[in-house]
Amino acid sequence: MITLKKNGKKKKNSNCIRGFVRFIYDPIKLLISKCVEEQYSELEALCNKLGITEIFKNCYPGFRGKVLMKKIMQNWLPAHKAILEMIIDHLPSPEKSQQYRTEIIYEGPIDDIYSKSMKNCDLSGPLMIYISKMIPNIDKSRFLAFGRIFSGSVKSGMKIRIMGSSFIKGSKKDLFFTTVHRVILCMGRKFEPIDEVPCGNTVALAGLDQFILKNATITNSDNENAYPIKAMKFSVHPVVRRAINVCDPNNLPKLIDGMKRLSKSDPLVQCLEDNGEYIIAGAGELHLEICLKDLKDDFLKGVELKISDPIVPYRESIIQKSDHVCLSKSSNKHNRIFAKAFPLDQKIAQRIEDGLFESTSSKTELVELLNKTDNNYKTEVRNIWSFGPDISGPNILIDGTKSVQYLEEIKDSCVSAFQFGTKEGVLMKENMRGIILKLEDVVLHSDAIHRGGGQIIPAFRKVIYAAYLSATPRLMEPIFLVDISTPKNSVSGVYSVIANKRGKVFEETTKQGSPMCAIKAYLPVSESFGFTSALRESTSGQAFPQCVFDHWDILRADPLKDQSYSNKILLTNRKRKGLNSDLPKIEDYEDKL
């Protein structure tokens, strides 16, 4: 056996070329450049050396330039084969992946029969399917429910139980019973009918589009104890909106039906009605354009539409706590509610929105964070009544009262009013964000008939608005994170465009030996319209931006001060929503002692 001993340090040689670059990257680069520069004799010689003469002869002279380059590359190094091989080699099989994924995605107990069957990908276990998307059929008239089978097997004619995205265990909301009409296997663009599909596969089910909007969990009809599988969360938010209407009022039912079908076809798009306006919300300008094109071409053929300019949603927030305790009386004057508003740290607000404080143990962590942030709260887990809006929003209702009689009886009414108040803020009917409403005291009538929901809910809404207006109100705007790739000589053009659009660059990186520069910046969504075209114009088409929603940012200008930037936004939105041009005052909501 011979051993080699290395002496001294390895000498660095600047002329060394990596094997990958020499034998893989350089030949591909040379082939592309010869195609683009149309040097066909040299290209033919290169193809002979690479052993792809047949591919060259089949493509040339029928195709030239960039088209020829694409045809040669598609035949020589087809992407679909590489992707398929990568999936086979690197992605775990359902049998392996469901072992660790089940406890993350299943909402029920980890040790029940459904969870165990999903973990083991058990063919003989109860049926558990997660429907992730609704796929339109060829004529776009109906939808197929597409999803993955986690346990059991599905066959046509089978009786099933559908738990929709709004289903809550123990209730009948968004719960349906039906039969599977047909079982279909999606083979690329083709739909192949099949008798039965076992677990571990994806499947499309026909006849369920009237029950499922975007996603759902399907199980056997007699599995009453099954919990739903968690709905998917997206990293992007639908923050760009457009109001849409029909030129002919007779076509309004067609518009409503078309928007419902568009909402099913795209899991991210939101179609909603707001003060008589029909609104489509998308993740960005381009996404919204594609959605509107699909609506016109596929779901509303021949219907003439009126489409508004892009609308950006805002949030109503505060930057300081209430300067005094606000009072609101019920309409019969027998009940009094005292409350104050406090600003909530934006990091905590984001964590609430992400659903990280749903369990009791996580609420203990929330209480510790709140008490650490401000001693004014001094709260406990049992004092956190609700998040809002929609039970999981970034606002908190805290009970800070002591020894109040009949308080538990009005808790549901207070929570209900809190949900509605934070859903439609006082300034311009937009969602509130980053607010803690603390109940300081409640005085209730001894007779139950005088402290019902009809008395408490309106009074509680009034005290929410009064506390908000007494706590330095501000507007919040959505912010995109923009990732821009550009050559070094175009960086100045990128900076000037971002500065003109109220953006802020926070990172610039350049890879050694690369002519490209990566720039990251924050850009207000309201300024993002036309940003891509302005950037291309400034950099001669060399910069490529990618926008993703990142966070909400407070506008420092006072919305109640005339001619301020926030005030102009406020008045524009109030006018669009048909609200009174007179701005709300605290006197309209606060009662005197």
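Residues numbered from 1 in each chain as written. Predicted model: local features only at pLDDT ≥ 70, side-chain atom pairs only at ≥ 80, totals over all residues. Heavy atoms only, no water.

Draft legend 1. Spotlight on the state of the cysteines. For the structure shown, the criterion picks out 0 disulfides. The structure places no disulfide on cysteine 47, whose sulfur is separated from the nearest cysteine sulfur, that of cysteine 35, by 6.9 Å. With no disulfide of its own, cysteine 517 lies 17 Å from the sulfur of cysteine 547, the closest cysteine sulfur. (Disulfide = S-S within 2.5 Å.)

Draft legend 2. Representation of the pattern of salt bridges within the structure. Evaluation of the coordinates by the stated rule reveals 13 salt bridges. Notably, a salt bridge pairs glutamate 409 with arginine 451, separated by 2.7 Å at the nearest N-O pair. You can see glutamate 409 sitting in helix H12 (residues 407–423) and its partner arginine 451 sitting in the loop between strand E20 (435–443) and helix H13 (453–469), a full 42 residues away along the chain. The class of arginine 451 is buried, set by a relative accessible area of 7%. For aspartate 558, the salt bridge goes to arginine 474, with nearest N and O atoms at 3.6 Å. On the criterion of sequence distance, the pair formed by aspartate 558 in the loop between strand E24 (544–554) and helix H16 (565–576) and arginine 474 in strand E21 (residues 473–487) is long-range, its members being 84 residues apart. Look at aspartate 558 and you get partly exposed, because its relative accessible area is 28%. For arginine 474, a relative accessible area of 11% gives the class buried. (Salt bridge = Lys/Arg side-chain N within 4 Å of Asp/Glu carboxyl O. Helix = DSSP H or I, 4+ residues; strand = E, 2+ residues; numbered from the N terminus. Buried < 20%, exposed > 50% of the residue type's maximum accessible area, 1.4 Å probe, protein only.)

Draft legend 3. Molecular detail of the sheet that holds strand E17 (residues 336–343). In space, the 5 strands of this open sheet follow the order E16-E17-E20-E19-E18, with mixed pairing throughout. The sheet terminates laterally at strand E16 (326–329) and strand E18 (384–388), the two strands that pair on one side only. Between one strand axis and the next, the sheet turns by 25° as a mean value, whatever way the strands run. As judged from the 4 bridges shared by E18 and strand E19 (residues 395–399), these two strands associate in the antiparallel manner. Bridge pairing in E19 places phenylalanine 387 opposite isoleucine 396. Relative to E18, H12 is tilted by about 20°, and along the sheet it contacts E18, E19 and E20. (Pairing = 2+ DSSP bridges. Axes fitted to C-alpha atoms, helices over the stretch in contact; angles between N-to-C directions. Contact = heavy atoms within 4.5 Å.)

Draft legend 4. Spotlight on helix H9 (residues 285–299). Given a rise of 1.5 Å per residue, 15 residues ought to cover 21 Å, and the 20 Å separating the end C-alpha atoms of H9 matches this to within 8%. As for H9, its buried residues are in contact with strand E2 (143–151), strand E11 (240–246), helix H8 (252–265), strand E13 (277–282) and strand E14 (305–307). (Expected span 1.5 Å × (residues − 1).)

Draft legend 5. Highlighting the confidence of the model for the protein chain. Here the protein chain averages 85 in pLDDT, and 95% of its residues register 70 or above. Under a pLDDT of 50 for its full length, residues 1–6 has, in the predicted model, 0 contacts with residues more than four places off or in other chains. (pLDDT = per-residue confidence, 0-100.)

Draft legend 6. Structural detail: unusual backbone geometry. Proline 61 follows tyrosine 60 through a cis peptide bond whose omega is 10°. For proline 61, the position within the fold is in the loop between helix H3 (53–59) and helix H4 (65–76). Cis peptide bonds are those with omega within 30 degrees of zero, and the linkage from glycine 388 to proline 389 qualifies with 0°. Secondary-structure assignment places proline 389 in the loop between E18 and E19. In this structure, aspartate 174 is a non-glycine residue whose phi angle is positive, near 60°.

Draft legend 7. Geometry of the packing of helix H2 (residues 40–50) against H4. Following both chains from N to C, one finds H2 and H4 inclined at 5°, their axes separated by 14 Å at the closest point. On the basis of the axis angle, H2 is roughly parallel to H4. Where H2 approaches H4, its residues Tyr40, Leu43 and Leu50 are matched on the opposing element by Gly65, Leu68, Ile72 and Trp76. The residue inventory of the contact of H2 with H4, partitioned by class, reads 6 nonpolar, 1 polar and no charged. (Parallel < 35°, antiparallel > 145°, perpendicular 65-115°, else oblique. Nonpolar A, V, L, I, M, F, W, Y, C, P; charged D, E, K, R; others polar.)

Draft legend 8. Local environment of the packing of aromatic side chains. Counting across every chain of the model gives 8 aromatic pairs. When the ring of phenylalanine 56 is compared with that of tyrosine 60, the centres are 5.2 Å apart and the planes differ by 20°; the resulting orientation is stacked. Taking the relative accessible area as the measure of exposure, tyrosine 60 reaches 24% and is therefore partly exposed. For the pair phenylalanine 176 and phenylalanine 211, a centre-to-centre distance of 5.4 Å together with 45° between the ring planes defines the contact as tilted. Of the two residues, phenylalanine 176 sits in strand E5 (residues 175–179) while phenylalanine 211 sits in the loop between strand E9 (202–206) and strand E10 (216–220), which places them 35 residues apart along the sequence. (Phe/Tyr/Trp six-rings, centres within 6.5 Å; stacked < 30°, edge-to-face > 60°.)

Draft legend 9. Examining the layout of surface pockets more closely. Size it by volume and the second largest pocket reaches roughly 450 Å³. Taken together, 19 residues form the lining of the second largest pocket, with Gly284, Glu285, Leu286, Thr532 and Cys547 sitting closest to its centre. When residues of the lining of the second largest pocket are traced back to their parent elements, those giving at least two are H9, helix H15 (531–538) and E24. At 5 residues, the largest contribution of residues to the lining of the second largest pocket is made by E24. (1 Å grid on protein atoms, 1.4 Å probe; cavity = no way out; pocket = protein on both sides within 12 Å on 5 of 7 lines; lining within 4 Å. Points joined across faces, edges and corners; volume = space filled by probe spheres on them.)

Draft legend 10. Seen up close, the nonpolar core. Counting 102 residues, the largest nonpolar core has Val154, Ile218 and Phe460 as the members making the most contacts within it. The element that contributes the greatest number of residues to this core is H13, accounting for 10 residues. The contacts of valine 154, once residues within four sequence positions are left out, are Leu127, Ile129, Ile149, Val180, Val183, Asp195, Glu196, Val197, Val203 and Leu205. (Core = buried A, V, L, I, M, F, W, Y, C linked by side-chain atoms within 4.5 Å.)

Draft legend 11. Quick peek at the pairing of E19. Burial of E19 is extensive: 5 of the 5 residues sit out of reach of the surface. Here E19 shows no split at all, with Asn395, Leu397 and Asp399 on one side and Ile396 and Ile398 on the other all buried. Relative to E20, E19 runs parallel, the two being bridged by 5 bridges. Its bridge partner being in E20, leucine 397 is matched across the sheet by leucine 437. Tracing the backbone out of E19, into H12 and back to the parallel element E20 gives a crossover that is left-handed. (Right-handed = clockwise from strand over helix to strand, strands pointing away.)

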